[in-house]
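Below, each chain spelled out in residue letters.
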Amino acid sequence: MDCLFCGIVNGDIPATKRYEDELVIVFDDINPQAPVHQLIIPKQHIATTNDIATEHHALLGHMLQTASVMAKQLEIADDGYRVVTNCNAGAGQTVFHLHMHLLGGRPMHWPPG
Ligand code: 5GP
Ligand code: ZN
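Residues numbered from 1 in each chain as written. Chains lettered and ligands numbered in written order. Predicted model: local features only at pLDDT ≥ 70, side-chain atom pairs only at ≥ 80, totals over all residues. Heavy atoms only, no water.

J.: Where do I start with the site of ligand 1 in this structure?
T.: Neighbouring ligand 1 are 15 residues; D29, N86, G92, T94 and H101 lie closest to it. In the model, an oxygen atom of ligand 1 is placed 2.5 Å from a nitrogen or oxygen of the D29 side chain. Contact distances for ligand 1 include 2.8 Å between an oxygen atom and a backbone N or O atom of G92. In the complex, the protein chains occlude 83% of the 520 Å² of accessible area that ligand 1 would expose alone. When its residues are assigned to classes, the shell around ligand 1 shows six nonpolar, seven polar and two charged. (Near = heavy atom within 4 Å. Polar contact = N/O pair within 3.5 Å; in protein donor to acceptor, adjacent residues only side chain to side chain. Areas by Shrake-Rupley, 256 points an atom, 1.4 Å probe, with all protein chains shown as cover. Nonpolar A, V, L, I, M, F, W, Y, C, P; charged D, E, K, R; others polar.)

Rendered as structure tokens:
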């Protein structure tokens, strides 16, 4: 399988890693859309949110908690931040390995467009 983020997980593709444990990796987005723009990905390949199953519940909770921990470390937690997951092309998904965007460090607008 040819997957960019699996390549980051297995070390074939370089990334600026900010956190790693047995379940997830966090790294800087290559094209940041805010002063803080990190990606939280599972080490396991899951293509989109449409592929989330009951067996992934603990993993998904851990990903969201990791976003929260990173936001506190980066001191954007009190001002506010956004956690975004795009599902499929119509929502803007370009890498088909599940990921949460952690965006912060500037005011966020709604609707996101
Ligand atoms: P999506 O559009 O699928 O929601 O988000 C994919 C994100 O991956 C984009 O924000 C894009 O900038 C980022 N990205 C694409 N290729 C690379 C890469 O090679 N390295 C890193 N660090 N980020 C990437
Ligand atoms: Zn993958």
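Further notes follow.
J.: Would you mind showing me how to read the pattern of salt bridges here?
T.: For the structure on display, the rule yields three salt bridges. Residue D28 pairs with R18 through a salt bridge whose shortest N-O separation is 2.7 Å. Of this pair, D28 sits in strand β2 (residues 24-28) while R18 sits in strand β1 (residues 17-20), placing them 10 residues apart in sequence. Judged by relative accessible area, R18 falls into the partly exposed class, the value being 47%. One salt bridge in this structure joins E20 and K43, with 2.9 Å as the shortest N-O distance. (Salt bridge = Lys/Arg side-chain N within 4 Å of Asp/Glu carboxyl O. Helix = DSSP H or I, 4+ residues; strand = E, 2+ residues; numbered from the N terminus. Buried < 20%, exposed > 50% of the residue type's maximum accessible area, 1.4 Å probe, protein only.)

J.: Looking at this model, I keep getting lost on the coordination of the zinc ion (ligand 2). Mind explaining?
T.: Tetrahedral coordination by four donors puts the ideal angle at the metal at 109.5 degrees, and octahedral coordination by six puts it at 90 or 180 degrees. Every protein donor of the zinc ion (ligand 2) is listed here as C3 (SG), C6 (SG), H45 (ND1) and H97 (ND1), and their distances to the metal cover 2.0 to 2.3 Å. Taken together, the four donor atoms coordinating the zinc ion (ligand 2) and their angles of 106 to 116° define a geometry best described as tetrahedral. The sequence motif formed by the donor residues of the zinc ion (ligand 2) is C-x2-C-x38-H-x51-H. With respect to class, C3 is no different from C6; both count as buried. (Donors = N, O, S within 2.8 Å, 3.2 Å for Na, K, Ca; no water. Tetrahedral: all angles 85-135°; square planar, octahedral: opposite > 155°, others 65-115°.)

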